[in-house]
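Fold and contact review
Okay, here's what each chain looks like letter by letter:
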Protein chains: 2
Amino acid sequence: MQIITSPSNEKIKQVALYSKKASSRKDDGVFLAEGVKLVREIPFGLIREIYISESCLEKEKNSLPKGFDDKMAVLPDHVFEKISTMKSPQGMLAVVKNLSYGIKDITGKDPLILVLEDIQDPGNVGTIFRSAEAAGVTGIVLSENSADPLSPKVVRSTMGAIFRMPFVVSSDIPALVRNFEKEGIVCYAARLENGKPYYECDMTSKCAIIIGNEGNGLSPEVNKAASCGIYIPMNGKTESLNAAVSASILSYEAGRQRRII
Amino acid sequence: MQIITSPSNEKIKQVALYSKKASSRKDDGVFLAEGVKLVREIPFGLIREIYISESCLEKEKNSLPKGFDDKMAVLPDHVFEKISTMKSPQGMLAVVKNLSYGIKDITGKDPLILVLEDIQDPGNVGTIFRSAEAAGVTGIVLSENSADPLSPKVVRSTMGAIFRMPFVVSSDIPALVRNFEKEGIVCYAARLENGKPYYECDMTSKCAIIIGNEGNGLSPEVNKAASCGIYIPMNGKTESLNAAVSASILSYEAGRQRRII
């Protein structure tokens with residue numbers, strides 16, 4: 001266990017930069033996971049460093065996992081605030097080595113894939129990871145214009161699912177969808193027209209569900225590439241559902257049809 | 001149409017106060033709805049005043065509903081910022097007369113009621129209203145410790161459902177649940193133990209679904225008062241779902257069983 005007291009310590013300056021700039025994290029192949037519960041969910045081998053505030057250490061010292069000690073630095077609370085990514089810091093933050101998957105990691109046995117096109121709200125993307133794990137989704141593809149899945153806010157909103165759910169970022173979702181269809185993965189585009197209610201869609205075989213941006217829906221290219229349409233019927237005057245809600249309802253329907261929930 | 005140019009205009013000072021203090025809104029029996037789309041969803045009779053920024057008026061002038069003119073004041077953009085409740089104001093905000101319902105408004109014909117115990121995140125409460133309307137829920141009860149349903153953030157997150165979904169705030173949820181049960185409204189408490197998977201619960205007759213706080217779950221008193229438990233099975237290491245996601249999945253299951261979606 002190391003003790004750092006100065007905010008101008010080189011390590012602190014480095015982590016403060018990580019917390020502010022996505023590019024500095026990318027350059028070093030790391031991301032940040034912050035929160036007392038979240039840090040405990042990280043597979044140990046992925047942790048590069050752990051930072052803990054003095055007051056958090058005081059509270060947690062009797063329950064810290066074995067092995068944390070070697071990677072841990074203790075900071076005065078005001079120094080911890082310099083590196084925190086949260087408005088109300090809990091006092092524990094880890095620098096984590098990047099997760100990296102290939103498309104093969106998500107198209108294995110009985111794939112049930114979520115494809116997110118331009119879902120920009122970090123809270124929604126994180127919530128989708130969380131629900132997806134619970135529903136039995138096997139992997140997630142995100143378009144480049146979606147929220148960065150390794151940004152601090154998304155990582156926090158996944159509540160740990162980010163460490164367990166394979167994901168890939170794709171620069172060409174229409175091409176990916178066409179490839180899926182060629183491989184026999186049925187692609188369901190979530191849209192209001194030209195589709196079936198979700199409970200009439202057969203999702204028992206290998207399939208992908210494609211969710212678009214709440215404001216704009218799916219792009220015409222993606223709509224064209226997918227062989228099926230799927231929708232969630234709505235009462236009242238509602239025009240759309242929250243993207244995380246839609247993704248969760250559709251994932252749970254698939255999990256239910258597959259009898260894995 | 002009125003034109004206001006000074007930030008020290010009395011009306012502007014009043015609305016700026018509404019935007020900052022819940023108590024000042026309550027004292028005057030009003031709430032705020034902000035956003036170009038949202039303001040159009042307000043039933044006309046409920047609107048007390050509409051404020052629009054000069055640049056928003058320029059964009060929207062050809063598509064404003066009839067009748068807006070009489071209630072509308074135009075402000076320079078920098079004055080509009082004084083009254084805005086948003087980080088990136090769109091330039092349209094309305095002062096709305098309070099919505100007020102009694103318990104009878106939500107226990108009418110074929111009730112399908114959501115009860116929210118201490119759901120504190122405004123975004124979640126708003127998203128629940130939005131999904132609830134779409135799923136065919138007939139009314140929502142919120143505990144006093146839930147987010148204020150008429151706070152600007154909740155109102156925005158409902159995407160207009162707040163104007164159409166009856167709701168009641170209750171200071172005694174256990175008593176309310178006991179009363180529901182006496183009236184033959186079956187109460188399903190969402191909890192992990194002592195219940196059935198959601199797809200095995202019969203929600204075709206009059207019923208209420210009770211959702212608790214993500215961190216703490218339902219209080220023991222509410223758990224005791226409800227005659228049934230209901231849960232959403234989870235794969236992987238997920239410990240819970242987002243509260244809005246849970247409420248949406250359960251509401252949609254009820255809507256599906258009732259064949260209203």
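Note that the structure is a prediction, hence the values are computed from the model and not measured.

**So, the overall build of chain A**
Secondary structure summary: chain A contains eleven helices and twelve strands in total. The C-alpha atoms of chain A give 20 Å as radius of gyration, which agrees with the globular expectation for 261 residues (18 Å, within 12%). In terms of principal-axis extent, the alpha carbons of chain A reach across some 60 × 35 × 35 Å.

**Looking at the interface of chain B and chain A**
Between chain B and chain A, the contact holds 27 residues from the first and 27 residues from the second. Elements supplying a minimum of two residues to the side of chain B that touches chain A: helix H7 (122-135) and helix H11 (243-257) of chain B. Residues of the side of chain B that touches chain A, tallied by class, amount to 13 nonpolar, nine polar and five charged.

**Focus: unusual backbone geometry**
At Arg259(A), a residue that is not glycine, the phi angle is positive and equals roughly 55 degrees. Tracing the backbone through its elements, the reader meets Arg259(A) in the segment after helix H11 (243-257). Its identity is not glycine, yet Asp118(B) carries a phi of approximately 55 degrees, on the positive side. Along the chain, Asp118(B) turns up in the loop between strand E6 (112-116) and H7.

**Here we look at the domain arrangement of chain A**
Residue and element names in this part refer to chain A. Each assigned domain of chain A is listed with its residue range as follows: domain 1 (2-97) and domain 2 (103-257). Put simply, the middle of domain 1 and the middle of domain 2, counted by C-alpha atoms, are 32 Å apart. Across the contact, twelve residues belong to domain 1 and eight residues belong to domain 2. Put simply, the parts of the chain that give the side of domain 1 that touches domain 2 at least two residues each are strand E2 (30-34) and helix H3 (36-41).

**What about the packing of H11(A) against H11(B)?**
It is at 9 Å that the axes of H11(A) and H11(B) come closest, and there the two elements cross at 55 degrees. As far as their axial angle goes, H11(B) and H11(A) are oblique. Viewed along their axes, H11(A) and H11(B) form a crossing whose handedness is right-handed. On the side of H11(A), the interface is formed by Ala244(A), Val245(A), Ser248(A), Ile249(A) and Tyr252(A), while H11(B) contributes Ala244(B), Val245(B), Ser248(B), Ile249(B) and Tyr252(B). Here the residues of the contact of H11(A) with H11(B) are counted per class, giving eight nonpolar, two polar and no charged.

**Quick word on the nonpolar core**
Counting residues in hydrophobic clusters, the biggest one holds 163 residues, and the most contacted among them are Ile210(A) and Ile210(B). Beyond its immediate chain neighbours, meaning those up to four positions away, Ile210(A) contacts Val115(A), Glu117(A), Val177(A), Cys187(A), Tyr188(A), Ala189(A), Ala190(A), Leu218(A), Val222(A) and Ala226(A).

**A short note on the sheet that holds strand E9 (residues 186-190) of chain B**
Residue and element names in this part refer to chain B. One open sheet holds the seven strands; their spatial order is E8-E7-E6-E11-E9-E12-E10, and the pairing between them is parallel. Two strands close off the open sheet at either side, each with one partner strand: strand E8 (167-170) and strand E10 (196-197). Bridge count between E6 and strand E7 (residues 139-143): four bridges; the pairing is parallel. Counted as the bridge partner of Leu-116 is Leu-142 from E7. Across the sheet, H7 touches E6 and E7, and the angle it forms with E6 is around 175 degrees. Across the face of the sheet, H11 comes into contact with E6, E9, strand E11 (207-211) and strand E12 (228-231) while running at roughly 165 degrees to E11.

**Some words on the pairing of strand E9 (residues 186-190) of chain A**
Residue and element names in this part refer to chain A. Burial runs high along E9: four of the five residues are buried. Strand direction decides the pairing type here: E9 and strand E11 (residues 207-211), joined by four bridges, are parallel. Along E11, the bridge assignment pairs Val-186 with Cys-207. Here E9 runs beside strand E12 (residues 228-231); their pairing, made up of three bridges, is parallel.

**Brief notes about the relation of the copies chain B and chain A**
With an axial shift of 0.0 Å and an RMSD of 0.0 Å, the rotation relating chain B to chain A amounts to 180 degrees. The transformation relating the two chain copies, once decomposed into turn and shift, fits a two-fold axis. When you check the interface residues of chain B against chain A, 100% turn up at the interface there too, and the contact is symmetric in its surfaces.

**Section: the packing of helix H7 (residues 122-135) of chain A against H11(A)**
Residues and elements named next belong to chain A. For the pair H7 and H11, the least separation of the axes is 9 Å and the interaxial angle reads 10 degrees. Here H7 lies roughly parallel to H11, going by the angle between them. Counted together, Asn-124, Thr-127, Ile-128, Ser-131, Ala-132 and Ala-135 of H7 and Ala-243, Ala-244, Ala-247, Ser-248, Ser-251, Tyr-252, Ala-254 and Gly-255 of H11 form the full contact between these two elements.

**Considerations on the confidence of the model for chain A**
Detailed reading of the predicted coordinates is not advisable wherever pLDDT falls low. Of all residues in chain A, 100% attain a pLDDT of 70 or more, and the chain-wide mean is 97. What the predictor reports for the complex is a pTM of 0.97 with an ipTM of 0.96.

**Brief notes about the sheet that holds E9(A)**
All names here are of chain A. Spatial strand order, E8-E7-E6-E11-E9-E12-E10: seven strands in an open sheet with parallel pairing. Each edge of the open sheet carries a strand with a single partner, namely strand E8 (167-170) and strand E10 (196-197). Across the sheet, helix H9 (residues 173-182) is in contact with strand E6 (112-116), strand E7 (139-143), E8, E9 and E11; its angle to E9 comes to roughly 140 degrees. Packing against the sheet, H11 makes contact with E6, E9, E11 and E12, and its axis sits at approximately 165 degrees to E11.

**Considering H7(B)**
Residues and elements named next belong to chain B. For H7, spanning 14 residues, the distance from its first C-alpha to its last is 20 Å, which sits close to the expected 20 Å at 1.5 Å a residue. Within H7, twelve of the 14 residues are buried, which leaves it mostly tucked inside the rest of the structure. Among the residues of H7, Asn-124, Val-125, Gly-126, Thr-127, Ile-128, Phe-129, Arg-130, Ser-131, Ala-132, Glu-133, Ala-134 and Ala-135 are the ones counted as buried. Gly-136 sits one or two residues past H7 and shows a positive phi near 95 degrees.

The rules behind the values
- Residues numbered from 1 in each chain as written.
- Chains lettered and ligands numbered in written order.
- Predicted model: local features only at pLDDT ≥ 70, side-chain atom pairs only at ≥ 80, totals over all residues.
- Helix = DSSP H or I, 4+ residues; strand = E, 2+ residues; numbered from the N terminus.
- Rg over C-alpha atoms; globule rule 2.2 N^0.38 Å.
- Contact = placed C-beta atoms within 7 Å.
- Nonpolar A, V, L, I, M, F, W, Y, C, P; charged D, E, K, R; others polar.
- Domains from an automatic or database assignment.
- Axes fitted to C-alpha atoms, helices over the stretch in contact; angles between N-to-C directions.
- Parallel < 35°, antiparallel > 145°, perpendicular 65-115°, else oblique.
- Left-handed = near helix turned anticlockwise from the far one by under 90°.
- Core = buried A, V, L, I, M, F, W, Y, C linked by C-beta atoms within 7 Å.
- Buried ≥ 20, exposed ≤ 12 C-beta atoms within 10 Å, placed from the backbone.
- Pairing = 2+ DSSP bridges.
- Least-squares fit on C-alpha atoms with pLDDT ≥ 70 in both.
- pLDDT = per-residue confidence, 0-100.
- Expected span 1.5 Å × (residues − 1).

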